[in-house]
Amino acid sequence: MCIRDRPYTEIANLMRAMGYYPTLLEIENMQNEIKYSGFFESGGQFTNEIDLSEFVRLYVNHRPVYGVGKEQIEEALNEISKPIHRKSREDYLSILRNEGKDDGMKALFLPTQEISKEEFLEMLQNYGEKMTYEEIKSCINTLMGEGAIDDPNFIPETITADFLIKNLLQFEEVNEEANEQGMYTNEEQNELQEQEDEDN
């Protein structure tokens with residue numbers, strides 16, 4: 001891979017090409033880091049390009065050591081499935097009245113480990129780095145096939161961590177050693193073991 005004075009605005013695509021998918025905020029931070037890197041030394045001039053050494057420095061400093069895995073998806077869904085994140089004020093009061101103060105508070109913070117398809121799409125459109133419905137539709141169609149977003153055979157009415165991991169994101173199962181190191185799928189690990197056995 002050869003990077004020779006690329007415009008700093010291409011940093012997101014360069015990172016994605018390396019398997020790191022930064023958020024919009026992370027992209028903005030990296031672009032600003034490049035843009036202002038020589039500001040004082042150059043008498044107030046912005047830096048508009050990035051070279052290989054600068055790219056490597058940014059990649060090493062910004063890329064997470066561990067990628068997103070099954071456990072992180074499960075934790076995230078458990079968090080957003082808590083009623084406290086999904087109910088209206090009236091619902092809170094109803095739960096507290098029906099369950100009593102102590103049990104009601106526990107119920108509000110107890111994860112259900114699932115959310116409805118409608119809630120899932122609403123959260124993607126209204127929280128964090130918001131996506132439009134068209135962007136969501138495009139991503140889901142890319143991952144699962146054309147028309148998947150409206151087809152109950154592809155996207156169920158109830159979203160679980162298992163569905164996100166296996167069906168939507170299509171994470172592969174990895175063995176324990178590979179999972180700890182974040183390196184190999186079972187198939188790749190088997191191939192490596194076979195090669196090792198042949199060498200011995």
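Structure shown above.
Analysis parameters
- Residues numbered from 1 in each chain as written.
- Predicted model: local features only at pLDDT ≥ 70, side-chain atom pairs only at ≥ 80, totals over all residues.
- Heavy atoms only, no water.
- Helix = DSSP H or I, 4+ residues; strand = E, 2+ residues; numbered from the N terminus.
- Buried < 20%, exposed > 50% of the residue type's maximum accessible area, 1.4 Å probe, protein only.
- Contact = heavy atoms within 4.5 Å.
- Areas by Shrake-Rupley, 256 points an atom, 1.4 Å probe, with all protein chains shown as cover.
- Axes fitted to C-alpha atoms, helices over the stretch in contact; angles between N-to-C directions.
- Parallel < 35°, antiparallel > 145°, perpendicular 65-115°, else oblique.
- Left-handed = near helix turned anticlockwise from the far one by under 90°.
- Nonpolar A, V, L, I, M, F, W, Y, C, P; charged D, E, K, R; others polar.
- Phe/Tyr/Trp six-rings, centres within 6.5 Å; stacked < 30°, edge-to-face > 60°.
- 1 Å grid on protein atoms, 1.4 Å probe; cavity = no way out; pocket = protein on both sides within 12 Å on 5 of 7 lines; lining within 4 Å.
- Points joined across faces, edges and corners; volume = space filled by probe spheres on them.
- Salt bridge = Lys/Arg side-chain N within 4 Å of Asp/Glu carboxyl O.
- Expected span 1.5 Å × (residues − 1).
- Arc of directions from axis to C-beta.

**Student:** For this particular structure, what's the right way to read the overall build of the protein?
**Tutor:** Within the protein, the secondary structure is distributed over 12 helices and four strands. Expressed as a percentage of the 200 residues in the protein, the buried residues total 24%. Put simply, of all contacts in the protein between residues at least 6 apart along the chain, 56% involve residues at least 24 apart. Surface exposure of the protein reaches about 14000 Å², of which carbon and sulfur atoms provide 48%.

**Student:** Even after reading the chapter, I still don't get the packing of helix H2 (residues 24–35) against helix H3 (residues 52–62), so can you show me in this structure?
**Tutor:** Between two packed helices, the angle of one axis relative to the other and the distance separating the axes together describe the packing. As a packed pair, H2 and H3 sit with axes 12 Å apart at the nearest point and diverge in direction by 140°. In this view, H2 runs oblique relative to H3, as classed from their interaxial angle. In this structure, the crossing between H2 and H3 has a hand that is right-handed. Taking contact as the criterion, the partners of Met30, Glu33 and Ile34 in H2 are, on H3, Glu54, Arg57, Leu58 and His62. A per-class count over the contact of H2 with H3 returns three nonpolar, one polar and three charged.

**Student:** What is the right way to look at the packing of aromatic side chains in this model?
**Tutor:** Aromatic rings considered in pairs are described by the distance between their centres and by the relative angle of their planes. Taken as a whole, this structure holds five aromatic pairs when the rule is applied. Centroid distance phenylalanine 55 to tyrosine 59: 6.2 Å. Interplanar angle 25°. Geometry classified as stacked. Here the residue phenylalanine 55 and the residue tyrosine 59 both occupy positions in helix H3, the gap between them amounting to four residues, near one helical turn. Comparing phenylalanine 55 with tyrosine 59, the two get one shared label, buried. Ring pairs connect the aromatic residues Tyr36, Phe39, Phe40 and Phe46, which therefore count as one cluster.

**Student:** Which parts of the structure should I look at to understand the layout of surface pockets?
**Tutor:** Which parts of space are left empty comes out when a probe the size of a water molecule is rolled across the atoms. Taken as a whole, the largest pocket holds about 1800 Å³ of empty space. Tyr21, Thr23, Val68, Ile73 and Leu169 are the residues nearest the centre of the largest pocket, which is lined by 37 residues in total. For the lining of the largest pocket, the secondary-structure elements that each account for two or more residues are H2, helix H4 (70–80), helix H8 (117–126), helix H9 (133–144) and helix H10 (161–168). Considered class by class, the residues forming the lining of the largest pocket number 27 nonpolar, five polar and five charged.

**Student:** Honestly, the pattern of salt bridges in this entry has me stumped. Any pointers?
**Tutor:** A side chain with one charge can pair with a side chain of the opposite charge if their charged atoms come near. Following the criterion strictly, the structure yields three salt bridges and no others. Arginine 57 is the partner of glutamate 33 in a salt bridge, and the nearest nitrogen-oxygen pair spans 2.9 Å. With glutamate 33 in helix H2 and arginine 57 in helix H3, this pair connects stretches of sequence that are 24 residues apart. A salt bridge links lysine 166 to aspartate 162, with the shortest nitrogen-to-oxygen separation between them at 3.4 Å. Here aspartate 162 and lysine 166 lie together in helix H10, a separation of four residues that amounts to about one turn. Lysine 166 gets classed as partly exposed once you look at its relative accessible area, which sits at 45%.

**Student:** Explain the side chain of asparagine 141 here, please?
**Tutor:** Locating asparagine 141 in the fold gives a position in helix H9. Given the relative accessible area of 12%, asparagine 141 is considered buried. Among residues more than four places away in sequence, those in contact with asparagine 141 are Glu146, Gly147, Ala148 and Ile149.

**Student:** What am I meant to see in H2 here?
**Tutor:** Each α-helix turn comprises 3.6 residues. Residues three or four places apart therefore point the same way. With 12 residues, H2 extends 16 Å between its outermost C-alpha atoms, agreeing within 8% with the 16 Å of an ideal straight helix rising 1.5 Å per residue. Those residues of H2 lying buried are Ile27, Met30, Gln31 and Ile34. Along H2, the residues classed as buried sweep out an arc of 100° about the axis, all on the same side. Next to the buried residues of H2 lie helix H1 (11–17), strand S2 (49–50) and H3.

Scope: geometric values only; no functional claims are made or implied.
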